[in-house]
Amino acid sequence: MKNEKLKIGVFDSGLGGLTVVKALTGVIQNADIFYVADTKNAPYGEKTPEQILQYSLDITQYFIETHQIDALIVACNTATSFAIKKLRALYPNLIIIGTEPGVKPALEKTKTGKIGVLATPATLQGEKYQTLVKQLSKGKNVVLYEQACPGLVEQIERGAIACDTTKTLLNTWLSPMKKNNVDTIVLGCTHYPLVASIIESIMDGDITLIETGSAIANRLLALSQNIGHQNEGDLSLFIHHTDTINKESIDSIIADYNFLKSMST
Ligand code: DGL
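Residues numbered from 1 in each chain as written. Predicted model: local features only at pLDDT ≥ 70, side-chain atom pairs only at ≥ 80, totals over all residues. Heavy atoms only, no water.

## Some words on the overall build of the chain
Assigned secondary structure in the chain consists of 11 helices and 10 strands. Against the globule reference of 18 Å for 265 residues, the chain gives a C-alpha radius of gyration of 18 Å, in line with a compact fold. Its C-alpha atoms give the chain principal-axis dimensions of about 55 × 40 × 35 Å. Per-residue burial for the chain yields a buried fraction of 55% across its 265 residues. Long-range contacts, defined here as pairs at least 24 residues apart, represent 77% of the contacts in the chain between residues at least 6 apart. Carbon and sulfur atoms provide 46% of the accessible area of the chain, an area that totals close to 12100 Å². (Helix = DSSP H or I, 4+ residues; strand = E, 2+ residues; numbered from the N terminus. Rg over C-alpha atoms; globule rule 2.2 N^0.38 Å. Buried < 20%, exposed > 50% of the residue type's maximum accessible area, 1.4 Å probe, protein only. Contact = heavy atoms within 4.5 Å. Areas by Shrake-Rupley, 256 points an atom, 1.4 Å probe, with all protein chains shown as cover.)

## With respect to the pattern of salt bridges
The tally for this structure, following the rule as stated, stands at 4 salt bridges. Among the ionic pairs, Lys5 bridges to Asp32, the shortest N-O distance being 3.2 Å. Note that Lys5 is positioned in the segment before strand E1 (6-12) and Asp32 in strand E2 (residues 31-37), a separation of 27 residues in sequence. The buried category is assigned to Asp32, whose relative accessible area is 10%. (Salt bridge = Lys/Arg side-chain N within 4 Å of Asp/Glu carboxyl O.)

## Considerations on the side chain of His229
Relative to the helices and strands, His229 resides in the loop between helix H10 (213-226) and strand E9 (235-241). What makes His229 buried here is its relative accessible area of 4%. Only 3.2 Å separates the side chain of His229 from the backbone oxygen of Gln29, close enough to count as a polar contact. (Polar contact = N/O pair within 3.5 Å; in protein donor to acceptor, adjacent residues only side chain to side chain.)

## Points about the pairing of strand E7 (residues 184-187)
Side chains Thr184 and Val186 of E7 all project onto a buried face; the interleaved residues Ile185 and Leu187 project onto the opposite face, where all are buried too. In the sheet, strand E5 (residues 114-119) pairs with E7 via 4 bridges, with the strands oriented parallel. Its bridge partner lying in E7, Val117 is registered against Val186. As judged from the 3 bridges shared by E7 and strand E8 (residues 208-210), these two strands associate in the parallel manner. Paired with Ile185 across the strands is Leu209, a residue of E8. As for the winding sense of the linkage, the β-α-β connection from E7 through helix H9 (residues 196-202) to E8 is right-handed. (Pairing = 2+ DSSP bridges. Right-handed = clockwise from strand over helix to strand, strands pointing away.)

## Side note on the site of the ligand
The ligand sits among 13 residues. The nearest are Ser13, Tyr44, Gly45, Thr78 and His191. In this structure, an oxygen atom belonging to the ligand sits 2.8 Å away from a main-chain N or O atom of Thr190. When the free accessible area of the ligand is taken as 300 Å², the share hidden by the protein chains comes to 99%. Counted by class, the shell around the ligand contains 5 nonpolar, 7 polar and 1 charged residues. When residues of the shell around the ligand are sorted by domain, at least three fall in each of domain 1 (6-99 + 213-257) and domain 2 (103-210). (Near = heavy atom within 4 Å. Nonpolar A, V, L, I, M, F, W, Y, C, P; charged D, E, K, R; others polar. Domains from an automatic or database assignment.)

## Comments concerning the packing of helix H1 (residues 18-25) against H10
Relative placement of two packed helices is described by the angle separating their axes and the distance separating the axes. One can describe the packing of H1 onto H10 by two numbers: an axis separation of 8 Å at closest approach and a directional angle of 50°. By the angle between their directions, the pair H1 and H10 is classed as oblique. Crossing of H1 against H10: the hand is right-handed. Contact residues: H1 offers Val20, Ala23 and Leu24, while H10 offers Gly213, Ser214, Ile216, Ala217 and Leu220. Here the contact of H1 with H10 is built from residues that sort into 6 nonpolar, 2 polar and no charged. (Axes fitted to C-alpha atoms, helices over the stretch in contact; angles between N-to-C directions. Parallel < 35°, antiparallel > 145°, perpendicular 65-115°, else oblique. Left-handed = near helix turned anticlockwise from the far one by under 90°.)

## Some remarks on the domain arrangement of the chain
It is common to report an interface's size as the accessible area lost on association of the parts. Assigned domains of the chain: these are domain 1 (6-99 + 213-257) and domain 2 (103-210). Between the C-alpha centres of domain 1 and domain 2 the distance comes to 23 Å. Taking both sides of the interface into account, the surface hidden between domain 1 and domain 2 amounts to around 1500 Å²; carbon and sulfur atoms contribute 60%. The interface formed by domain 1 and domain 2 holds 0 salt bridges in total. Joining domain 1 to domain 2, the criterion identifies 10 residue pairs in polar contact (both at pLDDT 80 or more). Among the secondary structure elements, those contributing two or more residues to the side of domain 1 that touches domain 2 are H1, helix H3 (77-90) and helix H11 (247-253). By residue number, the principal contributor to the side of domain 1 that touches domain 2 is H3, which donates 6 residues. Broken down by class, the residue content of the side of domain 1 that touches domain 2 amounts to 9 nonpolar, 14 polar and 2 charged. (Buried area = accessible area lost by both parts, 1.4 Å probe.)

In structure tokens, the structure reads:
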């Protein structure tokens, strides 16, 4: 390990990746977490694969040059889909963990065999997701109800969560799932746990929601311990944002953090 304390770079297009950071704070100690909310380029899910790759490369380069990170968490399903392969090829000595829609745990949980998947348009169209679903559902008697949610990330970034527009959008998207007896929904975007309570109330509470933050945290713990990390001591979180960010929303997701000067892009 390069550093005495584990240095972790985590990024997303905005607030969503903080749901992953929250999971990290329950598991990881003796570490500095540097978080980039790339609000200048949000939402990633409505950008081209080339743009998403470039943002991911720029932020990773920044983490390496400025913070000499030991581990990178791509806390974004969309960026993972289009950049993880390239990042792993470019930085073979860095611990790199991506975020993938939790289709596997959903298959294990469902009783009705009807699973909903909510994700960004880019994630659902991406080859990575298509391959994952093909591999995992092969030979299984399951039906997947996939739903892209354009506009939802923008609502969440604005802090417009418990408002009529967000509820109407979710109602429309969830209604085929409700009609078809879906009992498990994959939250395939790290922003979506922030509207979990609305999803639960639309589905009448009778639903299992799958998010992957704690699996990522446990994987980071195992991989970092392999390179000598001692998981005992203080944890600090530094948040960078590339454009404006809703600070009240940050406070409601995570309690204890410091702002670093905005990263220049
Ligand atoms: N939170 C991200 C994800 O998990 C990206 C959302 C976006 O910017 O569209 O896909």
